[in-house]
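Observations on the model geometry
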Amino acid sequence: MKILAIETSCDETSISFLECSRGFKKTNFKILSNVVLSQIDIHKSFGGVVPSLARREHQKNLVPILTKVLEESGLLKLKITVKNLKLLNKILARETELLEKTLDFLDKYEKPKINLIAVTRGPGLEPALWVGINFARVLSKAWEIPLIGINHLEGHVFSVLLSQNREEKSKRIQNSKSKIQNKILKIQFPALALIVSGGHTELILMEDWLKYKIVGSTLDDAAGEAFDKAARILELGYPGGPEISREAEKWKIQIIDKHRKSGFLLPRPMLNSKDFNFSFSGLKTAVLYLTQNLKKSGNWSENLIPQIAHEFQEAVIEVLVKKSLKAAEKYNIKTFILCGGVSANKELRYRLCDSLCKKYGKNFNFLMPEIEFSGDNAAMIAVAAYSNYLNLKVKGKSLKIAPFLKADGNLNFKINF
Ligand code: KG4
Ligand code: ZN
């Protein structure tokens, strides 16, 4: 089946077109087109994502991206007249710029051969989510194709099943039109997923496909948020994760080459707590006090940034690894999934994989997304949509054309099912 997926939960506008086949166990995903347009350059100077700007950019970019995706997939054909104009106007009444572009597009091109449209409905920034949802509803209505709303976090979990043509080069507009057949990696249950992103840090137990139980989450800041805030304190750029890890790497080289040791010690919040919850807000505050004190006492130097970044990253990784190992043991898991934007962190990938594999040996599956699919993208939304579609089909339920979907900034895992 052919799925068109739309993702606008934060500062990436992304549309993907995937061909999915063969059901749950031997699923094949063929990525026909996956376009991710990052708004980082626009939000950078504000030190974080500005929801109203994200909303404006999504409005500007959705139609050009859709055109590109359909063109790459060989589905862009000149056309017929638009039906249901009144209703389309109503759905996109608040996104006037997008409405105009969408109507022009629909007026020009024929209905493509798509079986299902998927869109992220939460969690994320509501002004940004609404743009994607209303756009998806309009396409669903105009083309009379069923629409499914997807949980963004579930998309991250399913991102580990995607793989991409290695020859494709990533550009600012990452554009991948490989026609590679992608084989699903076998997920054996029970599985445990550690989702680490800008808004979430969750340990999710999966007893089967689409059966989730949250066993741990952050009590305050998410891991990615802590990276971003620590980076801001150290006057590094946005997003902070890649900046901190780059600085940390500089100190790691010094440790290896010159046997140097950091003189700074930051807290490992909740490292030994009995539950599987996290807390990163205090760690960020510790970075703030440390830099303030160094500055006040005249001991500050920019040369200290790699050391502090390294110590900060160590603290986050130690907590994530220890809690993951403990939860893996308690639930006797067969597969571990690391996903979300922070899963791009090389040190975290290595340390988590190393610790789990050392403990559980070869019969244990460690899955993480290819770096290209670790951040927000619509391909992961399409994969999650396919699984949800199969699940509904088994239950004899069918999907509707342009159902009312409400953007939910705090959408919970449980509410989706
Ligand atoms: O999943 P994502 O792309 O968006 C959300 O759903 O939030 O995650 C974005 C987060 C940001 O906080 C960013 O700083 C972090 O992922 N991130 C990283 C790295 N690359 C991105 N954190 C640590 N190390 C990285 N290499
Ligand atoms: Zn995300």
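Note that the structure is a prediction, hence the values are computed from the model and not measured. (Residues numbered from 1 in each chain as written. Chains lettered and ligands numbered in written order. Predicted model: local features only at pLDDT ≥ 70, side-chain atom pairs only at ≥ 80, totals over all residues. Heavy atoms only, no water.)

**Considerations on the nonpolar core**
Among the nonpolar cores identified, the biggest contains 50 residues, and Leu192, Leu194, Ile244, Phe312, Phe336 and Leu352 are the most heavily contacted of them. Top element by residues in this core is helix α10 (residues 305-330). It accounts for 13 residues. Not counting the four nearest positions on each side in its chain, isoleucine 244 is found in contact with Phe227, Ala230, Ala231, Leu234, Leu236, Ala309, Phe312 and Gln313. One finds Ala118, Leu210, Cys339 and Met380 within the second-largest nonpolar core, a separate group that totals 41 residues. (Core = buried A, V, L, I, M, F, W, Y, C linked by side-chain atoms within 4.5 Å. Buried < 20%, exposed > 50% of the residue type's maximum accessible area, 1.4 Å probe, protein only. Helix = DSSP H or I, 4+ residues; strand = E, 2+ residues; numbered from the N terminus. Contact = heavy atoms within 4.5 Å.)

**Regarding the coordination of the zinc ion (ligand 2)**
Distances from the zinc ion (ligand 2) to its protein donors, His152 (NE2), His156 (NE2) and Asp376 (OD), fall within 2.1 Å. All donors of the zinc ion (ligand 2) belong to a single chain; written as a sequence motif, their spacing is H-x3-H-x219-D. Of the two residues, histidine 156 sits in helix α6 (residues 152-158) while aspartate 376 sits in the loop between β12 (365-367) and α12 (378-394), which places them 220 residues apart along the sequence. Of the two residues, histidine 156 and aspartate 376, neither departs from the other in class, the shared state being buried. (Donors = N, O, S within 2.8 Å, 3.2 Å for Na, K, Ca; no water.)

**Here's the deal with the site of ligand 1**
Close to ligand 1 lie 19 residues, the nearest being His156, Gly198, Asp228, Gly241 and Gly341. With respect to ligand 1, the backbone of glycine 199 contributes an N or O atom lying 3.5 Å from an oxygen atom. Between ligand 1 and the protein, one listed contact pairs an oxygen atom with a backbone N or O atom of glycine 224 at 3.1 Å. Here ligand 1, which alone exposes 550 Å², has 85% of that area covered by the protein. Among the secondary structure elements, those contributing two or more residues to the shell around ligand 1 are α6, α7 (223-233) and α8 (240-258). Examining the composition of the shell around ligand 1, we find that four residues originate from one element, α8, more than from any other. Of the residues that constitute the shell around ligand 1, the class distribution is five nonpolar, 12 polar and two charged. (Near = heavy atom within 4 Å. Polar contact = N/O pair within 3.5 Å; in protein donor to acceptor, adjacent residues only side chain to side chain. Areas by Shrake-Rupley, 256 points an atom, 1.4 Å probe, with all protein chains shown as cover. Nonpolar A, V, L, I, M, F, W, Y, C, P; charged D, E, K, R; others polar.)

**Examining the pattern of salt bridges**
Scanning the entire structure with this criterion turns up 19 salt bridges. Note that lysine 229 is salt-bridged to aspartate 221, the shortest N-O span being 3.3 Å. Judged by relative accessible area, which is 26%, lysine 229 ranks as partly exposed. Note that lysine 229 and glutamate 225 form a salt bridge whose closest N and O atoms lie 3.1 Å from each other. Of the two residues, lysine 229 and glutamate 225 are both situated in helix α7; the distance of four residues between them amounts to about one turn of the helix. One connected set of salt bridges, linked through shared partners, spans Asp221, Glu225, Lys229 and Lys284. (Salt bridge = Lys/Arg side-chain N within 4 Å of Asp/Glu carboxyl O.)

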